[in-house]
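# Coordinate analysis (summary)
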Amino acid sequence: MFEFPKNFAWGAATSGPQSEGNFKKKHQNVFDYWYAKDPKAFYAGVGPDTASNFYNDYREDIPLMRQAGIKVLRTSIQWSRLIADFEKCSVDEEAVAFYNDMIDTLLENGITPYLNLCHFDMPVELQHKYGGFESKHVTDLFAGYAKRCFELFGDRVDHWFTFNEPKVILDGGYLYQFHYPLKVDGPLAVQVAYNLNLASAKAIAEFRKLYGNDGTKKIGTILNLTPAYAASESKADQAAAEFAELWANKMFLDPAVLGEFPSKLVEILEKDGVLWEATPEELALIKQDTVDLLGINFYHPFRVKAPEISAKSLQDWMPDIYFDNYEMPGRVMNVDKGWEIYPEALYDIALNIRDNYHNIEWFVSENGMGVSREERFMDEHGMVCDDYRIEFLKEHLRALHRGITAGSNCHGYFVWTGIDCWSWQNAYRNRYGLIRDEIHTQTKTLKKSGYWFAKVSAQNGFE
Ligand code: BG6
């Protein structure tokens with residue numbers, strides 16, 4: 001039996017923009033806007049308008065999640081829904097009523113809410129007016145919005161998060177063009193990375209003013225950690241992995257937990273003439289306002305080798321002038337999604353947090369398997385028999401269990417996701433849920449993994 005610690009949190013994660021649908025929103029976020037402009041950019045032309053209809057269905061969805069063993073739900077508030085005027089930080093009363101009732105319904109159903117403040121969903125007005133997180137003014141607006149959220153919902157919510165996967169905001173919006181504003185600008189991505197760390201620290205500062213530091217209420221950030229592994233022992237491959245680790249993981253992990261950017265990364269960016277603009281006051285704030293806990297999203301490792309120097313030049317600075325992706329022979333793949341399956345990396349993460357980050361409290365805030373055309377696996381009663389997902393989750397839980405046994409301070413495991421949800425450009429291409437959403441009829445039914453997870457959650461482990 002793989003038994004987990006007492007009070008281990010068995011949860012699921014989703015986000016406002018991926019589940020609510022954009023009903024009654026006064027403002028668009030960057031995805032609402034991009035979809036309205038170019039629906040073909042999204043898989044099968046499906047956009048965020050309805051998503052899994054959580055805005056209308058939450059009273060039915062929440063008991064269904066409970067049935068699947070979900071005891072904690074991590075979701076996010078949409079800045080573009082809650083706030084009526086971004087500069088004045090006034091609120092939209094209908095949105096307040098929705099989030100209030102959502103929180104109350106979760107609590108009535110015995111589900112603890114964990115709330116995140118930004119899941120890639122920059123209000124488009126702020127993107128167009130200021131460049132979103134390209135601008136330091138927007139970091140102030142973000143802190144004001146965060147403060148509003150704490151004041152409005154903090155009486156019932158004890159766990160808060162500033163960002164989900166800030167790194168993906170750079171990757172998608174400023175490097176590889178899978179999020180709006182679809183720019184390709186390495187040096188700007190570096191500044192956005194800094195500004196995101198700054199925005200997080202400013203929001204944490206607001207939180208501390210209200211709740212202090214005694215641990216009754218906690219604030220953190222959610223990072224997608226992808227441990228970097230070198231293709232070989234060669235010096236060049238090792239150097240590629242060192243940079244990849246700095247860029248992909250430590251650039252957010254270090255300031256969040258240790259209050260400082262890694263000096264080696266600063267040195268490299270400075271040498272290349274692309275270091276962010278920072279003031280001593282801002283750096284002092286980042287130093288002071290670190291997190292209480294970490295959410296770690298884990299899907300796949302990051303395998304790299306030395307770059308083909310000839311093809312790369314410092315004229316157009318991009319982080320991948322320092323590494324190339326490496327496809328390890330024999331690696332196990334989720335072919336639908338195109339991601340390597342390597343649960344061992346979760347064990348490595350657990351030990352890294354234990355050894356290099358004060359063994360800070362953390363939890364797996366997302367882990368899951370995206371599979372396309374899951375109707376292939378339906379039985380005669382219409383249940384998706386997703387044994388592949390059960391196996392995937394088990395393998396990761398075993399690796400996590402070893403990490404916890406070795407002393408890592410992990411308090412929970414959240415599946416991505418409870419109910420199948422809309423996923424950015426991929427829309428419903430890969431489904432991850434424990435609960436299937438028949439999007440045309442809006443019927444929601446537990447998959448085999450939903451029944452399995454309910455058992456694991458009830459037993460606090462599995463055979
Ligand atoms: C995570 C994100 O990185 O991956 C989620 O936090 C996202 O928002 C999930 O939905 C799965 O991504 P995809 O593109 O496979 O659906």
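Residue numbers restart at each chain and count upward from 1, following the sequence in its written direction. For a predicted model such as this one, the threshold for reporting local features is a pLDDT of at least 70, and the threshold for listing and counting side-chain atom pairs is 80 or more; totals across whole chains, interfaces and linings nevertheless cover every residue.

Under the DSSP-based scheme used, a helix requires at least four consecutive residues in state H or I and a strand at least two consecutive residues in state E, with every element numbered from the N terminus. Secondary structure summary: the protein chain contains 15 helices and 19 strands in total. What you see for the protein chain is a C-alpha radius of gyration of 21 Å, in line with the 23 Å of a compact globule of 463 residues. Principal-axis analysis of the C-alpha atoms gives the protein chain an extent of 60 × 55 × 50 Å. Field definition: a residue is buried when 20 or more other C-beta atoms are found within 10 Å of its C-beta, exposed when 12 or fewer are, and partly exposed for counts in between, with C-beta atoms placed from the backbone. Looking at the 463 residues of the protein chain, the share that counts as buried comes to 50%. Note that contacts rest on C-beta atoms placed from the backbone: two residues are in contact if these are within 7 Å. Considering only contacts in the protein chain between residues 6 or more positions apart, those separated by 24 or more positions represent 76%. Between the two quantities, the radius of gyration covers C-alpha atoms and the globule rule is 2.2 Å times the number of residues to the power 0.38.

Any residue qualifies as near a molecule or strand once its backbone-derived C-beta atom lies within 6 Å of it. Among the 14 residues in the neighbourhood of the ligand, the closest are listed as E165, G370, S423, N426 and N430. Three classes are used, and their members are as follows: Ala, Val, Leu, Ile, Met, Phe, Trp, Tyr, Cys and Pro are nonpolar, Asp, Glu, Lys and Arg are charged, and the others, Gly among them, are polar. Residue composition of the shell around the ligand, grouped by class: 2 nonpolar, 9 polar and 3 charged.

Let us look at helix 13 (residues 344-356). Expected helix span is taken as 1.5 Å per residue step, with the number of steps being one fewer than the number of residues. The first and last C-alpha atoms of helix 13 sit 18 Å apart over 13 residues, in line with the 18 Å expected at 1.5 Å per residue. Of the residues making up helix 13, those classed as buried are A345, L346, Y347, I349, A350 and I353. Of the residues flanking the end of helix 13, it is H358, one or two places downstream, whose phi is positive at about 55°.

With that settled, consider the environment of A228. Of note, A228 is situated in strand 9 (residues 228-230). It is 26 Å that separates the C-alpha atoms of A228 and A12, two residues lying 216 residues apart in sequence. Not counting residues up to four positions away in its chain, the partners in contact with A228 are A241, A244, E245, A248, F302 and V304.

Turning our attention to the pairing of strand 2 (residues 9-13). Taking burial as the measure, the 5 residues of strand 2 include 5 buried ones, the bulk of the element. The rule for pairing is simple: two strands pair if DSSP sees at least two bridges between them. As judged from the 5 bridges shared by strand 2 and strand 16 (residues 410-416), these two strands associate in the parallel manner. Residue pairing across strands places A9 opposite G412, the latter belonging to strand 16.

Moving on to the sheet that holds strand 11 (residues 302-305). A sheet is described by the order of its strands in space; here 3 strands give the open sequence 9-11-12, paired in mixed fashion. Looking at strand neighbours, the two that pair on one side only are strand 9 and strand 12 (324-325), the edges of this open sheet. The sheet contact formed by strand 9 and strand 11 spans 3 bridges and is parallel. In the sheet register, Y229 faces strand 11, and the bridge partner there is R303. Every angle, taken between N-to-C directions, lies between 0 and 180 degrees, and every axis is a line fitted to C-alpha atoms, over only the stretch in contact when it is a helix. Contacting strand 9 and strand 11, helix 10 (residues 235-258) crosses the sheet at an angle of about 175° to strand 9.

In terms of nonpolar packing, the biggest core is built from 135 residues, with A240, A244 and V304 touching the most fellow members. Discounting residues that sit within four places of it in the chain, A240 has contacts with A230, V304, K305, A306, P307, Y322 and F323. A set of buried Ala, Val, Leu, Ile, Met, Phe, Trp, Tyr and Cys residues, joined to one another through C-beta atoms within 7 Å, is what we call a nonpolar core.

Cis geometry is adopted by the peptide bond preceding P181, which originates at Y180 and carries an omega value of 20°. Here the bond from W416 into T417 is cis, since omega is 10°, no more than 30 degrees from zero. With respect to the helices, strands and loops of the structure, T417 is situated in the loop between strand 16 and strand 17 (435-438). Despite not being glycine, Q177 shows a phi value in the positive range, around 55°.

A separate point is helix 10. Over its 24 residues, helix 10 runs only 28 Å from end to end, short of the ideal 34 Å by more than 12%, given 1.5 Å per residue. Working definition for bend: take the seven residues up to and ending at a residue and the seven starting at it, fit an axis to each, and measure the angle between the axes. The largest bend in helix 10 is about 60°, located at K250. Of all 24 residues in helix 10, 17 are buried, a share of seventy percent or more.

Turning next to the packing of helix 9 (residues 186-211) against helix 12 (residues 280-288). To characterise two packed helices, one gives the angle between the axes of the helices and the distance between these axes. The geometry of helix 9 relative to helix 12 is characterised by a closest axis approach of 9 Å and an angle of 60° between their N-to-C directions. On the basis of their axis angle, the class for helix 9 and helix 12 is oblique. Considering how the two elements wind past one another, helix 9 and helix 12 form a crossing that is left-handed. Here N197, L198, A201, K202 and A205 of helix 9 lie close against helix 12, whose contacting residues are E282, L285 and I286. A class-by-class count of the residues in the contact of helix 9 with helix 12 yields 5 nonpolar, 1 polar and 2 charged. Any angle between 65 and 115 degrees counts as roughly perpendicular, while under 35 counts as roughly parallel, over 145 as roughly antiparallel, and the rest as oblique. In a left-handed crossing the near helix is turned counterclockwise from the far helix by less than a right angle, and in a right-handed crossing that turn is clockwise.

Pairing is parallel around the closed barrel formed by 8 strands, whose spatial order is 2-3-6-7-8-10-15-16. The average angle at which neighbouring strand axes cross in this sheet is 30°, direction not considered. One ladder, built from 3 bridges, connects strand 2 with strand 3 (residues 72-76); its direction is parallel. Paired with G11 across the bridge in strand 3 is V72. Across the sheet, helix 9 touches strand 7 (159-164) and strand 8 (218-224), and the angle it forms with strand 7 is around 165°.

Next up on the list: the environment of S80. With respect to the helices and strands, S80 occurs in helix 4 (residues 79-82). Distance from S80 to P123, taken between C-alpha atoms, is 5.1 Å for residues 43 residues apart in sequence. Residues in contact with S80, not counting those within four places in the same chain, are K25, H27, Q28, N29, D121 and P123.

Here pLDDT means the predictor's own confidence in every residue, given as a number from 0 to 100. Here the protein chain shows a mean pLDDT of 97. Residues at 70 or above account for 99%. For this predicted complex, the interface confidence comes out at an ipTM of 0.98, alongside a pTM of 0.98.

With that settled, consider the packing of helix 13 against helix 14 (residues 387-405). Across the interface, helix 13 lies against helix 14 with an axial gap of 8 Å and an inter-helix angle of 25°. In terms of orientation, helix 13 and helix 14 fall into the roughly parallel class. Once helix 13 is placed against helix 14, the crossing between them reads as right-handed. In contact with E344, L346, Y347, A350 and L351 of helix 13, helix 14 contributes H396, A399, L400, R402, G403 and I404.

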